[in-house]
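Take a look at the letters that make up each chain.
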Amino acid sequence: MNNTKIKKTNKELLDFIKHSPSPYHAVEYGCTLLKNANFTELNINEAWNLEPNSAYFINQYGTTLIAFTTGNEINSSTAIRMANAHTDQPCFRVKPNPVLLEKKYLKLNIETYGGAIINTWLDRPLSMAGKIVLKSDNVFTPNTMLVDFKKPILTIPNLAIHLNREVNKGIELNKQTDILPIIGMMEDSLNKENFFEELLASSFNINIEDIVDFDLYIYALEEGCTIGVNDDFISAPRLDNLTSSLSLIKGIMASNDHNEDNNNSNINIIGLFDNEEIGSRTKQGADSMLSNIVISKIFDGLGKSQIDVYNAIPNSFCLSMDVSHAFHPNYSAKNDPTNIVLLNEGIVLKIDTTQRYATDIEALATLEQLCAKYDIKFQKYVNRSDAIGGSTLGSISSSWMPMKTVDLGVPMLAMHSARELMGSKDQYYLNQLSIHFFTEAV
């Protein structure tokens, strides 16, 4: 394997993670990459007049990004090649009226978003990023701005072992009382009632009276890095699921580069959805009509009907891209006894008899052949028979858009930790799959 390509791939991933402390920022940075690749931005509430062999994207509600490329024409062999991932990750969000005062300690009132491993967030430098909403002339279209403190302003300190001798036997943290981050000490010059709003105003050069509301995420500030004696691993926050988001952006850009060369009639689409970690049942989540609306508008914008959409679906294929569990060397009993997934051994094709992963045998065979054709290493994952794994977007998206679907992703350890671990070679394999999925001729 080409080490130069691996290093370049991993640098791109770590840069993407650094620029994506919140779903808002992940989508904004993704839009920048697409604009630089000559994709045209569309609004979903406008009529689309689309051109063959062209590339477009939509920023929906700030946290969901959909991009697509059009083939040369829609005909009886037209297929939709679709791939989905998510932009959110388990973390903490700031509540309204967040400031709490304990003696002179200033704390923030927060809530847990998704299934975070909470104790991994303790004793770390933390920061905040998200969106601030400002007053506007039209109350139905408030002004907004994305913000990122980009410096350590918070921490959640552990209780000393001397005060809790049982801590190494395991302790349950109360989400309302035990994990409130400290942001500073109360000084005479500070106004507790307006402390947070004054902090936002001074930090981002806005008038405090213009602040209407905010949607702010707390994130682990430490940057990702390679780790291991031979740089075998990547240790970073938000690998779940920015690995997949970046891979699909690269795949859809490659499809635009190859569109005219392939002379194909495919419609290629990626959907990077918000709110997967809390069930996806939101207007910007995968469990909504958003994908159906976009696909219908694409066909309409190319002069075709809803019947043409229905005719295309049986020929179509979807990738549901999310991270996968890897074999943990300290917890071997948690793994299926015959299906072992290791870091740096390639992407993972996920299988579940209850269809929590949507993979079916013919779709799986298609991916296996694609991987074999382009020397993309792959593995298969199944849960232990006495365990229930997580779910992904695959079953959700295939119920709204019934096409053959495969669940897949990079293997990793410490999933949902503040800092996760993956193999340093596996992002390259994932990127290659995305590129060839969208560029392989029929």
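Everything discussed here concerns the structure shown above.
So, a few notes on the structure that sits alongside this text. (Residues numbered from 1 in each chain as written. Predicted model: local features only at pLDDT ≥ 70, side-chain atom pairs only at ≥ 80, totals over all residues. Heavy atoms only, no water.)

Section: the pattern of salt bridges
What counts, and what does not: Think of a salt bridge as a Lys or Arg side-chain nitrogen and an Asp or Glu carboxyl oxygen that are within 4 Å of each other. Helix and strand labels come from DSSP, where a helix needs a run of H or I of at least four residues and a strand needs a run of E of at least two; each type is numbered from the N terminus. Burial classification: accessible surface area is computed with a 1.4 Å probe over protein chains only, and a residue below 20% of its type maximum counts as buried, one above 50% as exposed, and the rest as partly exposed.
Under the definition given, this model contains 13 salt bridges. Linking Asp-215 and Arg-93 is a salt bridge whose minimum nitrogen-to-oxygen distance equals 2.5 Å. In this pair, Asp-215 sits in strand S10 (residues 211–220) while Arg-93 sits in strand S5 (residues 91–102), placing the two residues 122 residues apart along the sequence. Here Lys-169 makes a salt bridge to Glu-166, at a shortest N to O gap of 3.0 Å. Exposure remark for Glu-166: the relative accessible area of 42% places this residue in the partly exposed category.

A closer look at the packing of aromatic side chains
For clarity, the threshold we go by: A pair of aromatic rings is counted whenever rings of Phe, Tyr or Trp (Trp by its six-membered ring) have centres within 6.5 Å, and the orientation is called stacked for planes under 30 degrees apart, edge-to-face for over 60 and tilted otherwise. For a Lys NZ or an Arg CZ to count as sitting over a ring, it must be within 6 Å of the ring centre and within 35 degrees of the ring normal.
With the rule as written, the count across this model stands at 11 aromatic pairs. Clustering of aromatic rings is evident, with ring pairs tying together Tyr-24, Tyr-113 and Tyr-217. We note Lys-283 situated over the ring of Tyr-61; from NZ or CZ to the ring centre the distance is 4.8 Å. Across from the ring centre of Trp-48, 4.9 Å away, lies the NZ or CZ of Lys-297, which sits over that ring.

Thoughts on the sheet that holds strand S7 (residues 126–134)
Spelled out, the test is: For two strands to count as paired, DSSP must find a minimum of two bridges between them. Note on method: axes are straight lines fitted to C-alpha atoms, helices fitted across the in-contact stretch only, with angles between N-to-C directions ranging 0 to 180 degrees.
Spatially, S8-S7-S10-S5-S6-S9 is the arrangement adopted by the 6 strands of the open sheet, whose pairing is antiparallel. Looking along the sheet, the strands with just one partner apiece sit at the ends: strand S8 (143–148) and strand S9 (182–185). Ignoring which end each strand starts from, the neighbouring axes of this sheet average 30° apart. When S5 meets strand S6 (residues 105–113), the two strands line up antiparallel, connected through 8 bridges. Opposite Leu-100, over in S6, you have Lys-107 as the bridge partner.

Let's talk about the side chain of Gln-89
Formally: We define a polar contact as two N or O atoms separated by no more than 3.5 Å, with the added condition that, inside protein, one atom must be a possible hydrogen donor and the other a possible acceptor, whereas residues neighbouring each other in sequence contribute only through side-chain atom pairs. Here a residue-residue contact requires only that any non-hydrogen atoms of the pair lie within 4.5 Å.
Within the secondary structure, Gln-89 is located in the loop between strand S4 (80–86) and S5. A polar side-chain atom of Gln-89 sits 3.3 Å from the main-chain carbonyl oxygen of Thr-87. Apart from residues lying up to four places away in sequence, Gln-89 is in contact with Pro-21, Ser-22, Pro-23, Tyr-113, Arg-238, Asp-240 and Glu-277.

Observations concerning the nonpolar core
Applied cut-off: Throughout this description, the term nonpolar core refers to a set of buried Ala, Val, Leu, Ile, Met, Phe, Trp, Tyr and Cys residues connected via side-chain atoms within 4.5 Å.
Within the largest apolar cluster, 52 residues are counted, with the highest numbers of intra-cluster contacts made by Leu-34, Phe-39, Leu-319 and Leu-408. With 7 residues, helix H4 (residues 239–262) is the single largest residue contributor to this core. Apart from residues lying up to four places away in sequence, Leu-319 is in contact with Met-82, Ala-83, Asn-84, Leu-367, Val-406, Leu-408 and Phe-437. One finds Tyr-24, Ala-201, Phe-204 and Ile-218 within the second-largest nonpolar core, a separate group that totals 40 residues.

Topic: empty space enclosed by the protein
What counts here: The distinction between a cavity and a pocket rests on a 1 Å grid over the protein atoms alone: a 1.4 Å probe fits inside a cavity but cannot get out, while a pocket stays open yet meets protein on both sides within 12 Å along at least five of seven lines, and a residue with an atom within 4 Å of a point counts as lining. Grid points are joined across faces, edges and corners, and a volume is the space filled by probe spheres set on the points. Under the scheme applied here, ten amino acids are nonpolar (Ala, Val, Leu, Ile, Met, Phe, Trp, Tyr, Cys and Pro), four are charged (Asp, Glu, Lys and Arg), and all others, including Gly, are polar.
Evaluated as defined, the whole model comprises 3 cavities of 30 Å³ or more. By volume, the largest cavity is sized at about 120 Å³. Gln-89, Pro-90, Trp-121, Arg-238 and Ala-418 are, among the 15 residues lining the largest cavity, the residues nearest its centre. A total of 3 residues in the lining of the largest cavity trace back to one element, the largest contributor, which is S10. Here the residues of the lining of the largest cavity are counted per class, giving 9 nonpolar, 3 polar and 3 charged.

Observations regarding the layout of surface pockets
One number sums up the size of the largest pocket: a volume of about 640 Å³. The wall of the largest pocket is formed by 29 residues, among which His-325, Tyr-381, Gly-389, Gly-390 and Met-415 lie closest to the centre. When the residues that make up the lining of the largest pocket are grouped by side-chain class, the tally is 12 nonpolar, 10 polar and 7 charged. Its volume calculated, the second largest pocket comes out at about 390 Å³.

Examining the sheet that holds strand S17 (residues 378–381)
What the 9 strands build is an open sheet, ordered S1-S2-S3-S13-S4-S14-S18-S16-S17; its pairing is mixed. The strands lining the two open edges of the sheet, one partner per strand, are strand S1 (40–41) and S17. Sheet analysis places strand S2 (residues 55–60) next to strand S3 (residues 64–69), joined by 6 bridges and oriented antiparallel. When the sheet's bridge partners are listed, Asn-59 is paired in S3 with Leu-65. The strands touched by helix H2 (residues 23–36) are S1, S2 and S3; relative to S3, the strand with the most contacts, the crossing angle is about 20°. Helix H7 (residues 361–373) rests against strand S14 (317–321), strand S16 (347–350), S17 and strand S18 (404–409) of the sheet, and its axis sits at about 55° to S18.

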